[in-house]
Amino acid sequence: MKKRTVLALGISICTLALSATVLSTIAWFDGSSVLQVSNFNITLANKELKISVDNETFKEVLTKDDLMQVDKFIPVSSMFSSSWIDSKAEKPTFKKGFLADEPEKTYYVTENEYAVADKGFFSQTLYLKSDSTAYVTVDPDNIKVISDEVKNNEVADKLASKYPEMSHEEIVSNLNKVKDSLRFSLLVLDDEEEHELDDYAHYIIDPHKNGDTYLGSILDNNLDGFYDHYDGKEVLFGEAKNVSSQTLIYKDEGAHHTGKSYSVFDASTKQGVKHLDLEASMKAGLDLAKENSLSLEQTNDIQISLTSGVSKRIVLSFYLEGWDRDNTNLAMYSHFFVDFSFKLASGGEGGI
């Protein structure tokens, strides 16, 4: 039996470091993360497979020098992705958070208010080529996002004076959460000389998926401790449909949350402001978008066809999903490692 060919794409991220002069938060609408990347390599485990960044020079290994550089990671979002997927765009579009001293004069911030992110994430067109015709999928056993616990413990010691109300263990826990908000995006395009996009597909992989991530909520953008509000009511941010006065359900609660916040998601309702009850609103018909992501256990659904000797164009991205609630203000100090891999789908040898 022919040995199964495996395409192993290894991405290693280490020494994610904080500049000592930066004191702002990672609150994803803030955009001030300083997570920095080093040691970034893509390798192929079998000589039958090759990879390229320009569709001309194919290699068995791509190093950091071959790939785009990311100065720092800034939380972005896949929200409103159906807009570019429906038009078969050849690059993914990620959105920035809504950053303002106060929200627009409305109860709901619409798609046009969110700028397109042009930095803060890795996204590069790659070309795969094989000596055989087969299907390629991802290898969930070798996709990992791992916190660098040694580094995070060291960082926690340095943060003790900045967060005196938190224990060492609580600081470390917040540092380790950054791994849970990292996503992989895989956009499948076309073959070397064909541009019909017949195989067009887009996948998001959440390696630490634990329930649904909603791409909308009330937020404390300016970090004043209170959810943003307009004309006496809290404002809804993110992607949603069927937004109306009948589906936005408010309660006269006022100051329903107390305590210091470490996230734009965790704040208080200001006294005299009506609290937006998202659960009641969704029961009333508000359609709050969910992230369309796969867990590692669901990645067998990914099938990328390769024709012998013909390159396949894909776009690989990885980014921090801003709507993931594990994006806390302490995450900007975190260190972590990432590994990603592809393999031939089961039964992929011998044609498609």
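Scroll up for the structure.
Not measured: the values here are computed from a predicted model.

## With respect to the overall build of the chain
Looking only at helices and strands, one finds four helices and 20 strands in the chain. Expressed as a percentage of the 352 residues in the chain, the buried residues total 51%. Contacts in the chain between residues far apart in sequence, at least 24 positions, make up 78% of those at least 6 positions apart. When the accessible surface of the chain is totalled, it reaches about 15900 Å², and 45% of it is carbon and sulfur.

## Focus: the sheet that holds strand 4 (residues 122-130)
One open sheet holds the five strands; their spatial order is 2-4-18-7-8, and the pairing between them is antiparallel. Each edge of the sheet is formed by a strand with only one pairing partner; in this case those strands are strand 2 (49-52) and strand 8 (201-205). Neighbour to neighbour, the strand axes of the sheet diverge by 25° on average, direction disregarded.

## Digging into a negative patch on the surface
Residues E192, E193, E194, E196 and D198 make up a contiguous surface patch of negative charge. Along the polypeptide, D198 turns up in the loop between strand 7 (182-191) and strand 8. What makes D198 exposed here is its relative accessible area of 67%.

## Comments concerning the sheet that holds strand 17 (residues 304-306)
Read across the sheet, three strands follow the order 17-5-20 without closing on themselves; strand pairing throughout is antiparallel. The sheet is open, and its two borders are formed by strand 17 and strand 20 (342-344), each paired with just one other strand. Neighbour to neighbour, the strand axes of the sheet diverge by 35° on average, direction disregarded. Strand direction decides the pairing type here: strand 5 (residues 134-138) and strand 17, joined by three bridges, are antiparallel. The residue of strand 17 that forms the bridge with V136 is I304.

## Describing unusual backbone geometry
One non-glycine residue, N55, adopts positive backbone phi at about 65°. Relative to the helices and strands, N55 is located in the loop between strand 2 and strand 3 (61-62). One non-glycine residue, N242, lies in the positive phi region at around 60°. Within the secondary structure, N242 sits in the loop between strand 13 (240-241) and strand 14 (250-251). Accessibility expressed as a relative area gives 48% for N242, which makes it partly exposed.

## Some points on the side chain of E239
Considering the arrangement of structural elements, one finds E239 in the loop between strand 12 (237-238) and strand 13. For the buried E239, no salt bridge exists, and the shortest N-O distance to an oppositely charged side chain is 5.8 Å, to K241. Of the polar contacts made by the side chain of E239, one reaches the backbone nitrogen of F80; its length is 2.6 Å. Those residues within four positions of E239 in sequence are excluded, and the remaining contacts are M79, F80, Y108, L215, G216, D287, L288 and A289.

## Quick word on the nonpolar core
Burial of nonpolar side chains together is a common tendency in soluble globular proteins. Core analysis: the biggest nonpolar cluster contains 36 residues, and V138, L182, F184, L186, I302, F340 and F342 have the highest contact counts within it. Dropping the residues within four chain positions of it, F184 is found in contact with I143, V145, Y203, I204, I205, P207, S317, F318, Y319, V338, D339 and F340. Counting 24 residues, the second-largest nonpolar core is a separate cluster that includes F80, I218, L219 and F265.

## Regarding the pattern of salt bridges
Inspection of every chain in the model, using the stated rule, returns twelve salt bridges. In this structure, E291 and R183 form a salt bridge, with 2.7 Å as the shortest nitrogen-oxygen distance. Residue E291 is found in the loop between strand 16 (287-288) and strand 17, and its partner R183 is found in strand 7; the two are separated by 108 residues along the sequence. Pair check on accessibility: E291 and R183 agree, each one buried. Across the pair R183 and D324 runs a salt bridge whose closest N-O atoms are separated by 2.8 Å. With R183 in strand 7 and D324 in the loop between strand 18 (312-320) and strand 19 (336-339), the pair connects residues that are 141 residues apart, well separated along the chain.

## What about the pairing of strand 4?
Examined bridge by bridge, strand 2 and strand 4 share four bridges and lie antiparallel to one another. When the sheet's bridge partners are listed, I51 is paired in strand 4 with L128. Pairing between strand 4 and strand 18: seven bridges, direction antiparallel. Within strand 18, the residue paired with Y127 across the bridge is R313.

## A short note on the side chain of D139
Along the polypeptide, D139 turns up in the loop between strand 5 and strand 6 (144-147). We classify D139 as buried; its relative accessible area is 8%.

## Thoughts on helix 2 (residues 149-159)
Those residues of helix 2 that fall on the buried side of the exposure criterion are N152, V155, A156 and L159. For helix 2, the arc enclosing every buried residue in end-on projection is 105°, short of the 170-degree limit, so these residues lie on one face. Turned more than 90 degrees away from the buried face of helix 2 sit V150, D157 and K158, all of them exposed. Tucked inside the fold, the buried residues of helix 2 contact strand 6 and helix 3 (168-176).

Cut-offs and rules
Residues numbered from 1 in each chain as written. Predicted model: local features only at pLDDT ≥ 70, side-chain atom pairs only at ≥ 80, totals over all residues. Heavy atoms only, no water. Helix = DSSP H or I, 4+ residues; strand = E, 2+ residues; numbered from the N terminus. Buried < 20%, exposed > 50% of the residue type's maximum accessible area, 1.4 Å probe, protein only. Contact = heavy atoms within 4.5 Å. Areas by Shrake-Rupley, 256 points an atom, 1.4 Å probe, with all protein chains shown as cover. Pairing = 2+ DSSP bridges. Axes fitted to C-alpha atoms, helices over the stretch in contact; angles between N-to-C directions. Patch = residues over 30% accessible without salt bridge, like charges linked within 9 Å, V, L, I, M, F, W, Y side chains within 5 Å. Salt bridge = Lys/Arg side-chain N within 4 Å of Asp/Glu carboxyl O. Lys, Arg positive; Asp, Glu negative; His and termini not counted. Charge placed at Lys NZ, Arg CZ, Asp CG, Glu CD. Polar contact = N/O pair within 3.5 Å; in protein donor to acceptor, adjacent residues only side chain to side chain. Core = buried A, V, L, I, M, F, W, Y, C linked by side-chain atoms within 4.5 Å. Arc of directions from axis to C-beta.

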